[in-house]
Amino acid sequence: AQSVAQPEDQVNVAEGNPLTVKCTYSVSGNPYLFWYVQYPNRGLQFLLKYITGDNLVKGSYGFEAEFNKSQTSFHLKKPSALVSDSALYFCAVRDPIQKLVFGTGTRLLVSP
Amino acid sequence: GAVVSQHPSRVICKSGTSVKIECRSLDFQATTMFWYRQFPKQSLMLMATSNEGSKATYEQGVEKDKFLINHASLTLSTLTVTSAHPEDSSFYICSSGSLTSTDTQYFGPGTRLTVL
């Protein structure tokens, strides 16, 4: 079965510093990977996805993610964090019958 | 990306009553919509897949008679929580998309249901 793991419940980073939110995946076949962000009491906003092609995927709000097949990882990154980036981040994988399977989420806290 | 709305954003009801949540795809025709629920500090759990003009497909453990889904048009899917109980209190989120693996699902803003 397809699955993703987000090993960190929370990531703390100072504003202006680079941030990384980790995600590893387990799939059979080609991985279709997604990152979403959720602000309090809101739905999920799409950030980026990897389907095929370049391993470095650029997305919304300056975020990017690197697909690493050998490490089965799809970590979310941003060169310089903003306080407004503080939110809950979900990694997800599309399974063979097209459902999204979400990770447990990582709370990002960016301090001023 | 696509715009998905939900109504209401927040609802409080008494135990035993039914609550209807609407999910609208505002700028494209969604042949498929998905309904999720999210408990506090937890991830999203898929409840059902709603296909326009046909019966919804429910995930294992989700009571189809309790969570009624109707997808009568390409822009509207509704979730009705029947005979709601306090344990049904949760954050319900819908998304629209297709069954193509590379397509992106776009999510509504969610509905906070509180059953007293």
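Here goes a summary of the coordinates provided. (Residues numbered from 1 in each chain as written. Chains lettered and ligands numbered in written order. Predicted model: local features only at pLDDT ≥ 70, side-chain atom pairs only at ≥ 80, totals over all residues. Heavy atoms only, no water.)

Quick notes on the interface of chain B and chain A
(1) Moving on: Counting residues at the interface gives 25 residues for chain B and 20 residues for chain A.
(2) Moving on: At the boundary of chain B with chain A, total buried surface from both sides reaches about 1,800 Å², with 52% on carbon and sulfur atoms.
(3) Moving on: At the boundary of chain B with chain A, the tally comes to 1 salt bridge.
(4) Moving on: When the shortest N-O distance is used, the salt bridge between Glu59(B) and Lys99(A) registers 2.5 Å.
(5) Moving on: Inspection of the region where chain B meets chain A yields 6 residue pairs in polar contact (both at pLDDT 80 or more).
(6) Moving on: When residues of the side of chain B that touches chain A are traced back to their parent elements, those giving at least two are strand S4 (32-38), strand S5 (44-51), strand S9 (90-97) and strand S10 (106-107) of chain B. (Contact = heavy atoms within 4.5 Å. Buried area = accessible area lost by both parts, 1.4 Å probe. Salt bridge = Lys/Arg side-chain N within 4 Å of Asp/Glu carboxyl O. Polar contact = N/O pair within 3.5 Å; in protein donor to acceptor, adjacent residues only side chain to side chain. Helix = DSSP H or I, 4+ residues; strand = E, 2+ residues; numbered from the N terminus.)

Structural notes on the side chain of Ser95(B)
All names here are of chain B.
(1) Moving on: Here Ser 95 lies in strand S9.
(2) Moving on: For Ser 95, a relative accessible area of 0% gives the class buried.
(3) Moving on: In terms of polar contacts, Ser 95 uses its side chain to reach the side chain of Gln 105, at 2.7 Å.
(4) Moving on: Those residues within four positions of Ser 95 in sequence are excluded, and the remaining contacts are Thr 32, Met 33, Phe 34, Tyr 36, Gln 105, Tyr 106 and Phe 107. (Buried < 20%, exposed > 50% of the residue type's maximum accessible area, 1.4 Å probe, protein only.)

Considering the pairing of strand S5 (residues 33-38) of chain A
Residue and element names in this part refer to chain A.
(1) Moving on: Of all 6 residues in S5, 6 are buried; the element is thus mostly enclosed.
(2) Moving on: Neither face of S5 is exposed, since Leu 33, Trp 35 and Val 37 on one face and Phe 34, Tyr 36 and Gln 38 on the opposite face are all buried.
(3) Moving on: One ladder, built from 6 bridges, connects S5 with strand S6 (residues 44-50); its direction is antiparallel. Each residue of the ladder has a partner; that of Gln 38, found in S6, is Leu 44.
(4) Moving on: Here S5 pairs with strand S10 (residues 87-94) via 6 bridges, running antiparallel. (Pairing = 2+ DSSP bridges.)

Focus on the state of the cysteines
(1) Moving on: What the rule picks out here adds up to 2 disulfides over all chains.
(2) Moving on: Disulfide pairing is shown between Cys23(A) and Cys91(A); the S-S distance is 2.0 Å. Across the S-S bond linking Cys23(A) and Cys91(A), the dihedral sits near -60°, which makes this disulfide left-handed. Remark: Cys91(A) occurs in strand S10 and Cys23(A) occurs in the loop between strand S3 (19-21) and strand S4 (24-26); sequence separation between them is 68 residues.
(3) Moving on: Disulfide pairing is shown between Cys23(B) and Cys94(B); the S-S distance is 2.0 Å. Between Cys23(B) and Cys94(B) the sulfur-sulfur dihedral comes to about 80°; the bridge is accordingly right-handed. Here Cys23(B), found in strand S3 (residues 19-25), pairs with Cys94(B), found in strand S9; they are 71 residues apart in sequence, far enough to count as distant. (Disulfide = S-S within 2.5 Å.)

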